[in-house]
Amino acid sequence: MTQIVAIDVYGYELTYAHGEYVMSSGRAATAQDSTLVRVSCEDGTYGWGEVCTLAGTYWPAFAGGARAALAEMAPALLGVDGTNPAAVHAAMNSRLMGHDYAKSAVDLACWDLLGKRAGLPVAELLGGRVQTDFPLYEAVPLSSPEAMAEFVARRSAAGITCFQVKIGNEPADDDARLRAVSEAASAGTTLIGDANGGWTLQQAVSAVRLVDALPIYLEQPCRRIEDCRTVRTLTSLPMVMDESVLTPLDLVAAKNEVGAGSVNLKLGRLGGLTGTRMMRDLAVSLGMSVSLEDAWGGDVTTAAVSHLAASTACHDMLSVSFFNDWTNEHVAGHRPRSAAGRGSAPTEPGLGIDVDLDRLGEPLFTV
Ligand code: 0XW
Ligand code: MG
């Protein structure tokens, strides 16, 4: 009954709501290619998933790669129980090793299907809803100190109480950015300086000397985990690891070797809700707090993130993003929708949203 009979893959463009999104090393974009997957079962039920890689320079993934990997794996999924994420991963792994970002879109669709079949929201299947709503963070694109301070003041007025401040270029400039933002932030605001691995070890060593006394967290200062460990020995700033945590062993190393108290977990990097839930539970059992999100996305990604956040205890969570507030195009009516800087997960079964097919063109392909 719930055997997969068809997979439709759609592409659409997500434009950034605040102009140009800029990260370290000159990575900048105003729009991203996102990919939606609809998994349909024999009984007429279907589930939705999404993957958006943030161009091709955030991690080793790009939209064309996601679509090619989905085309490669889709035939192996026909006939598999779509409400069984473990069986679906086994089928995908029988065709492709890795490519977890492409697998993530299918995984989300299966959790949507499983929730619909069970009559329960995905949050309840991920361990239970323990938060009805939670504060959201927004990233501050890397720019001049003045422009970044203005962003923080403007979005604070909209209710945002946590900002991920993009840094990772010249240490003196990053110091000025972080100081300007700290002054503009209201009392009680959480600030996370995220270098996205953009500093060389030499730059990071200089940077932490400058910013050590600021009230901030420091996220992924250098690309390599070994360099982050060296940086950690030179600063008292609380550390968050992101890009270099791909496996449970990386997570244990982030905690025990780098001394990071938090980890940023992204659906696409970990193969969807299945892998991210496992890493969330491991992080929490190690006494770490988690940031929950993806690399980018729209309504479907946001719905998946909302269920993960709703099933994570408040004191175990550092930050959560609702990317559908960062992007202009809404395929599911801008649901789930934040209110005054806070998010919550839908209460309907599955992901609890439905994609409006009229907002999408023809599928890129159907298997
Ligand atoms: C993946 N990002 C670059 C996009 C969002 O800004 C979050 C972020 C990160 O590195 O944490
Ligand atoms: Mg990060």
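Residues numbered from 1 in each chain as written. Chains lettered and ligands numbered in written order. Predicted model: local features only at pLDDT ≥ 70, side-chain atom pairs only at ≥ 80, totals over all residues. Heavy atoms only, no water.

Visitor: How should the coordination of the magnesium ion (ligand 2) be read in this particular structure?
Guide: Metal coordination angles in their ideal form are 109.5 degrees for the four-donor tetrahedron and 90 or 180 degrees for the six-donor octahedron. Around the magnesium ion (ligand 2), the protein contributes the donor atoms Asp194 (OD), Glu219 (OE) and Asp242 (OD), which lie 2.1 to 2.3 Å from the metal centre. Mapped onto the sequence, the donors of the magnesium ion (ligand 2) take the spacing D-x24-E-x22-D. Here Glu219 lies in strand 10 (residues 217-219) and Asp194 lies in strand 9 (residues 190-194), a separation of 25 residues in the sequence. Owing to a relative accessible area of 1%, Glu219 belongs among the buried residues under this scheme. (Donors = N, O, S within 2.8 Å, 3.2 Å for Na, K, Ca; no water. Helix = DSSP H or I, 4+ residues; strand = E, 2+ residues; numbered from the N terminus. Buried < 20%, exposed > 50% of the residue type's maximum accessible area, 1.4 Å probe, protein only.)

Visitor: Honestly, the environment of Ile225 in this entry has me stumped. Any pointers?
Guide: Looking at the secondary structure, you find Ile225 in helix 8 (residues 225-232). With 20 residues separating them along the chain, Ile225 and Val245 place their C-alpha atoms 8.6 Å apart. With near-sequence residues (within four places) excluded, Ile225 lies in contact with Met241, Ser244, Asp250, Ala253, Ala254 and Val258. (Contact = heavy atoms within 4.5 Å.)

Visitor: Looking at this model, I keep getting lost on the pairing of strand 8 (residues 162-166). Mind explaining?
Guide: Side chains on a regular strand alternate between the two faces of the sheet. With respect to burial, strand 8 is a largely interior element, five of its five residues being buried. Residues of strand 8 alternate between two faces, with Cys162, Gln164 and Lys166 on one and Phe163 and Val165 on the opposite face, all of them buried. As paired elements, strand 7 (residues 137-140) and strand 8 share four bridges and run parallel to each other. Residue Val140 lies in a different strand from strand 8, and its bridge partner there is Val165. Crossover strand 7 to strand 8 through helix 5 (residues 145-157) is right-handed. When strand 8 meets strand 9, the two strands line up parallel, connected through five bridges. For Gln164, the partnering residue across the bridge sits in strand 9 and is Ile192. At this point the chain moves from strand 8, through helix 6 (residues 171-184), to the parallel strand 9, and the crossover so formed is right-handed. (Pairing = 2+ DSSP bridges. Right-handed = clockwise from strand over helix to strand, strands pointing away.)

Visitor: Help me out: how do you make sense of helix 7 (residues 201-211) in this one?
Guide: Where helix 7 is concerned, the buried positions are Gln203, Ala204, Ala207, Val208 and Val211. Projected onto a plane normal to the axis of helix 7, the buried residues spread over an arc of 125 degrees and lie on a single side. Opposite the buried face of helix 7, at more than 90 degrees from it, the exposed residues are Gln202 and Arg209. Structurally, helix 7 contributes buried residues whose contacts are with helix 6, strand 10 and helix 8. (Arc of directions from axis to C-beta.)

Visitor: Explain the site of ligand 1 here, please?
Guide: Contacts to ligand 1 come from 18 residues, most closely from Tyr21, Tyr137, Gln164, Asn196 and Lys266. A distance of 2.8 Å separates an oxygen atom of ligand 1 from a polar atom in the side chain of Gln164. In isolation ligand 1 offers 290 Å² of accessible surface; the protein chains occlude 100% of this area. The set of elements that each furnish at least two residues to the shell around ligand 1 consists of strand 2 (21-23), strand 7, strand 8 and strand 12 (262-266). Looking at side-chain class alone, the shell around ligand 1 contains nine nonpolar, three polar and six charged residues. (Near = heavy atom within 4 Å. Polar contact = N/O pair within 3.5 Å; in protein donor to acceptor, adjacent residues only side chain to side chain. Areas by Shrake-Rupley, 256 points an atom, 1.4 Å probe, with all protein chains shown as cover. Nonpolar A, V, L, I, M, F, W, Y, C, P; charged D, E, K, R; others polar.)

Visitor: Just to check I follow, could you spell out helix 6 for this structure?
Guide: Under the 1.5 Å per step criterion, the end-to-end length of helix 6 is 20 Å for 14 residues, consistent within 8% with the ideal 20 Å. The set of residues buried in helix 6 consists of Pro171, Asp174, Asp175, Arg177, Leu178, Ala180 and Val181. The inward-facing, buried residues of helix 6 abut helix 5, strand 8, strand 9 and helix 7. (Expected span 1.5 Å × (residues − 1).)

Visitor: What is the right way to look at the sheet that holds strand 9 in this model?
Guide: Strands belonging to one sheet form pairs held by backbone hydrogen bonds; the direction of such a pair is parallel or antiparallel. Read across the sheet, eight strands follow the order 7-8-9-10-11-12-13-14 without closing on themselves; strand pairing throughout is parallel. What marks the edges here is a single partner per strand, and that holds for strand 7 and strand 14 (317-320). Here the average twist between neighbouring strands, direction ignored, is 25 degrees. As judged from the three bridges shared by strand 13 (residues 289-293) and strand 14, these two strands associate in the parallel manner. Bridge assignment links Val290 to a residue of strand 14, and that residue is Met317. (Axes fitted to C-alpha atoms, helices over the stretch in contact; angles between N-to-C directions.)

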